[in-house]
Amino acid sequence: MSDANGGTVRTRFAPSPTGWLHVGTARTALFSYLHARRHGGTFVLRIEDTDVERNVERGAEGIADALGWLGLRADEGYGVGGPHGPYVQTERLDRYHTSVASLIERGLAYRCWCTPEELAERRKAAQAAGRPPGYDGRCRDLPDAQIRAYQAEGRVPAVRFRLPDEGETVVTDLIRGTVRFDNATLTDFVALRPNGIPTYLFAAVFDDVDMGITDVIRGEDLFPATPSQLHVFRALGREAPPRFAHLPLLVGPDGRKLSKRLGAVAVEEFRAQGYLPEALVNYLALLGWALDDHTEHFTLAELERVFELERVSRNPAQFDPRKLEALNGWHLRELSADDFTARSLEFVRRAGYPDADQDLLRRAAPLVSERVTRLDQVPGMVGFLLDDEVELDPDAAAKVLDAEGRAFLDAATKLLQAVEPWTAEAIETTLRALQAERGLKPKKAFQPIRLAITGTLVSPPLFESMELLGKPRSLARLERARVHPG
RNA sequence: GCCCCCAUCGUCUAGUGGCCUAGGACACCACCCUUUCAAGGUGGCGACGCGGAUUCGAACUCCGCUGGGGGCACCA
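The rules behind each value
Residues numbered from 1 in each chain as written. Chains lettered and ligands numbered in written order. Predicted model: local features only at pLDDT ≥ 70, side-chain atom pairs only at ≥ 80, totals over all residues. Heavy atoms only, no water. Buried < 20%, exposed > 50% of the residue type's maximum accessible area, 1.4 Å probe, protein only. Helix = DSSP H or I, 4+ residues; strand = E, 2+ residues; numbered from the N terminus. Contact = heavy atoms within 4.5 Å. Pairing = 2+ DSSP bridges. Axes fitted to C-alpha atoms, helices over the stretch in contact; angles between N-to-C directions. Core = buried A, V, L, I, M, F, W, Y, C linked by side-chain atoms within 4.5 Å. Parallel < 35°, antiparallel > 145°, perpendicular 65-115°, else oblique. Left-handed = near helix turned anticlockwise from the far one by under 90°. Nonpolar A, V, L, I, M, F, W, Y, C, P; charged D, E, K, R; others polar.

Trainee: How would you explain helix H6 (residues 200–210) if you had to name every residue and give the values?
Mentor: For H6, the complete set of buried residues consists of Phe202, Ala203, Ala204, Val205, Phe206, Asp207 and Asp208. Turning to H6, the residues buried within the fold contact strand E1 (10–13), helix H3 (93–105), strand E8 (189–192), strand E9 (215–219) and helix H7 (226–235). Taken from the residues just after H6, glycine 212 is the one with a positive phi, measuring 65°.

Trainee: Give a description of the sheet that holds strand E4 (residues 109–112) that names residues and reports values.
Mentor: Ordered in space as E4-E5-E8, the three strands form an open sheet in which the pairing is antiparallel. On the outer flanks of this sheet lie E4 and E8, each paired with one strand and no other. On average, each strand axis in the sheet is tilted by 45° relative to the strand beside it, whichever way the strands run.

Trainee: Residue-level account of the nonpolar core, with values.
Mentor: By size, the foremost hydrophobic cluster in this structure holds 55 residues, and its most contacted members are Phe340, Phe408, Leu416, Leu431, Ile449, Met466 and Leu478. Core analysis: the second largest hydrophobic core is formed by 48 residues, Ala36, Leu70, Ala285 and Leu287 among them.

Trainee: Can you break down the packing of helix H16 (residues 403–416) against helix H20 (residues 471–483) residue by residue, with the values?
Mentor: At a minimum axis separation of 10 Å, H16 and H20 run at an interaxial angle of 150°. In terms of orientation, H16 lies roughly antiparallel with respect to H20. The crossing of H16 and H20 is left-handed. Contact with H16, carried on its side by Arg406, Leu409, Asp410, Thr413, Lys414 and Leu416, involves Lys471, Leu475, Leu478, Glu479, Ala481 and Arg482 of H20 and no other residues of that element. Tallied by class, the residues present in the contact of H16 with H20 amount to five nonpolar, one polar and six charged.

See below:
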């Protein structure tokens, strides 16, 4: 795909450094990244920090880190560099100033001396009177005397971009098709604040032009801003505007905007809970996009080959943590034992096993990986291997260590002392023989052993677990359970 | 108030006039497998918002309604 000028595709992701990377924002980044990759283009990362009040310390680094974790590396931009820098908007102020001055000179923009208070008041009045709340155009053509009066008052003007009052503006969108906007509904917006910092509406367009962006992929919340921005593109001399693709919004379980209240929303939070980037990417790709009627599992590399913006749906998608979790379990099971171990390690260490035996974890991996859906569940599953201070669950003990259960435990302990070599197979043969001899159901016979070994009634497979634990430790636990059953 | 978008199982979606008694996935239920828990397998529950129109024929086209969402800032 090439743009109207024959160039290759250039997309950008332009977050504001106002906090952690939100999953909805991350999905926008993913789609933008995929579109660039799919067409052999360039993915640019730009930081839009023009709302200086809301910027947070190290916000841009945090976002870049989260993107990197997801595997969405920028080809150009913040943290990477490139020929169109700087890629942080507050470092580009002189460019905006030059451009705005030229717009004023050409009559495409004008100074507005209204104060925020005056604007708020008029907005309120307009709404009360049933008129649209947008700017009323008061400063469009001010007489010199009035301007001098404002200056004498010490007012510092903002600069507004002038928009047409009549006619219509046609927006063409890769996802939504063609939409016509009546220009009468457009109002002159502030392009440059009195403090010299531009607003989003202007800065984003200026940068898209300056950075040669051919495809603007963003959230649907920006769709209504598109007609206004189209006029800016034209004013800035761009022969053809970029292609636009407005993605459906992500909503929470309540059908409303995804919010903190209903669970994790930041990529970092999912990471801390033990979600794999592969799973998050897979899930996010499926929110509002599908390849066909049956393919559900994708790697980033596969998505880069098959993703098509044209197949993005137009309706808002509800974020479903359960499906993410299911997908995470699937990706966890896809991991090799080595990989699973490597990724589990930090979770195990943080959970109170700083010196966890990596080799032991590696051997336990196949037993554990199909029993967890998040990495933060791993410590709970392997704890019995790492810590000899296992406490027997009292409720479980009461339930399982009845006369029969204890008798089996006693007999098993004696028999197991003779088992050599200490393999799952040998252990199983021994215990099953005893179980059959006693005429007990497997569950009845083995749950007391499981309790003694792991402390609970839910664990990885028993015989394999005992092999991993080793003979001395296993026998010690059986012994201990006989003497101190809870 | 005005402008814009959207509308298939609870959720994400497939579906572009006949292949649809609407397919898949998650969730849920049952069964199978089974040393617990999982994983896996099989089956089940479950949707085209409503009303018109066009057509031999509409989930798919058009209109209206209803419902949801977004926007109307010196936020992005």
